[in-house]
Amino acid sequence: MPNGEYLRYVALGDSQTEGLGDGDDTVGLRGFADRLAEHLAAGGSEILYANLAVRGRLAGQVRAEQLGPALALRPDLATVVAGVNDVLRPRFDAAEVTGHLEEMFAALTRTGTHVVTLTFPDVSRIVPLARPVRPRLLDLNDRIRAAAGRHGVTVVETGRSAVATDPRLWGADRLHASPLGHERIAAATAHTIGLPGSDDAWSLPLPPQTVPTGWRTAGAELRWAAAFLGPWLGRRMRARSSGDGRTAKRPRLLPMTVLSPSAEDRGQRELS
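Residues numbered from 1 in each chain as written. Predicted model: local features only at pLDDT ≥ 70, side-chain atom pairs only at ≥ 80, totals over all residues. Heavy atoms only, no water.

A. Molecular detail of the packing of helix 5 (residues 94–110) against helix 6 (residues 134–151). Viewed as axis vectors pointing N to C, helix 5 and helix 6 meet at an angle of 25 degrees, and their least axial separation amounts to 10 Å. By the angle between their directions, the pair helix 5 and helix 6 is classed as roughly parallel. Remark: the crossing between helix 5 and helix 6 carries right-handed chirality. Only Asp-139, Leu-140, Arg-143, Ile-144, Ala-147, Ala-148, Arg-150 and His-151 of helix 6 make contact with helix 5, whose side of the interface consists of Ala-94, Ala-95, Val-97, Thr-98, Leu-101, Glu-102, Phe-105, Ala-106 and Thr-109. (Axes fitted to C-alpha atoms, helices over the stretch in contact; angles between N-to-C directions. Helix = DSSP H or I, 4+ residues; strand = E, 2+ residues; numbered from the N terminus. Parallel < 35°, antiparallel > 145°, perpendicular 65-115°, else oblique. Left-handed = near helix turned anticlockwise from the far one by under 90°. Contact = heavy atoms within 4.5 Å.)

B. Expanded view of the nonpolar core. By size, the foremost hydrophobic cluster in this structure holds 65 residues, and its most contacted members are Tyr-9, Val-10, Leu-12, Val-80, Leu-101, Phe-105 and Leu-108. The element best represented in this core is helix 5, accounting for 7 residues. Setting aside anything within four residues of it in sequence, one finds Leu-12 in contact with Thr-17, Ala-53, Val-62, Gln-66, Leu-67, Ala-70, Ala-78, Thr-79, Val-80, Val-81, Met-104 and Leu-108. (Core = buried A, V, L, I, M, F, W, Y, C linked by side-chain atoms within 4.5 Å. Buried < 20%, exposed > 50% of the residue type's maximum accessible area, 1.4 Å probe, protein only.)

C. Structural detail: the side chain of Arg-184. The topology assignment puts Arg-184 in helix 7 (residues 179–192). Put simply, Arg-184 is tucked away with no salt bridge, and the nearest opposite charge, on Glu-183, sits 5.8 Å away. Among the polar contacts listed, one links the side chain of Arg-184 to the backbone oxygen of Trp-202, at a separation of 2.5 Å. (Lys, Arg positive; Asp, Glu negative; His and termini not counted. Salt bridge = Lys/Arg side-chain N within 4 Å of Asp/Glu carboxyl O. Polar contact = N/O pair within 3.5 Å; in protein donor to acceptor, adjacent residues only side chain to side chain.)

D. Highlighting the packing of helix 3 (residues 59–72) against helix 5. In the contact formed by helix 3 and helix 5, the axes pass within 9 Å of each other and the chain directions differ by 10 degrees. As far as their axial angle goes, helix 5 and helix 3 are roughly parallel. Seen from helix 3, the contacting residues are Ala-59, Gly-60, Val-62, Arg-63, Leu-67, Ala-70 and Leu-71; seen from helix 5, they are Val-97, His-100, Glu-103, Met-104, Ala-107 and Leu-108. Across the contact of helix 3 with helix 5, the residue classes break down as 9 nonpolar, 2 polar and 2 charged. (Nonpolar A, V, L, I, M, F, W, Y, C, P; charged D, E, K, R; others polar.)

E. Spatial organisation of helix 5. Between its terminal C-alpha atoms helix 5 stretches 24 Å, which fits the 24 Å expected from 17 residues at 1.5 Å a residue. By the burial criterion, the buried members of helix 5 are Ala-94, Val-97, Thr-98, His-100, Leu-101, Glu-102, Met-104, Phe-105, Ala-106, Ala-107 and Leu-108. N-cap assignment for helix 5: the residue whose side-chain oxygen lies 3.1 Å from the backbone N of Ala-95 is Asp-93. After helix 5 finishes, the residue Gly-112 shows a positive phi value of roughly 95 degrees. (Expected span 1.5 Å × (residues − 1).)

F. The sheet that holds strand 6 (residues 114–118), seen in detail. In spatial order, the strands read 7-6-5-1-4-8; together these 6 strands make up an open sheet with mixed pairing. The open sheet is flanked by strand 7 (154–156) and strand 8 (250–256), the only strands paired with a single partner. The sheet shows a mean angle of 20 degrees between the axes of neighbouring strands, taken without regard to direction. Inspection of the sheet shows strand 6 paired to strand 7 by 3 bridges, in the parallel sense. Across the sheet, the residue bridging to Thr-117 is Val-155, located in strand 7. Its contacts with the sheet place helix 5 against strand 1 (8–13), strand 5 (77–81) and strand 6, and it is angled at close to 175 degrees to strand 5. Helix-sheet contacts for helix 7 involve strand 6 and strand 7, and the interaxial angle to strand 7 is about 145 degrees. (Pairing = 2+ DSSP bridges.)

Listed below in structure tokens is the structure:
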């Protein structure tokens, strides 16, 4: 909106937007989109917020399942974040994935919605086994920037920030942001779209930490593979998705209020 005041925010995407890594299915998921809605509400206006994201969704599924409901909600701000699940599949077509994203960009911006998207950090810096997908990710980021430019979509360049690959911004599975990571993504988005009170502090590095080496590193890799890589590969072999049978956590526009930070969040902020 011309004055930068957004009253109806709708989030589209996959697990990152749903909020995996920030809470759980017992206490509830928060995530960067919830946190961005809190930034919007901090301005004093009554914000209506919907989150249509579902974990495991490919870009084409996000377009097919979420675009229509998003348009029906008539948002003035929308975040569209998808494509990483596609990158991790054996058969990856960058042009096809970007086409789905661009269709969402075009449809939403035609209605006057301010659309925001993200670029993705180099996951091979977090998961060494993911090095083969690095060229795919860089290519997708370039295509996202080009598609966004064609439709006046704002790009939050988390993919170019050095702090984005700090392990402390990632959860135990190394595929989803930690609470601190989600907080940084929300802060980056707030700063990029110029929300009052936002700044570039999100991009500052965390304090130095001791990095384990030798057998400790090898042991950590084995534990990670057993706990996360194995189950993920098992789902792929069975053509299953973590999002099977799931629906959006917040499909309707509901009032958004600023939540008091939890003790965990306060502890995480002390690192930043």
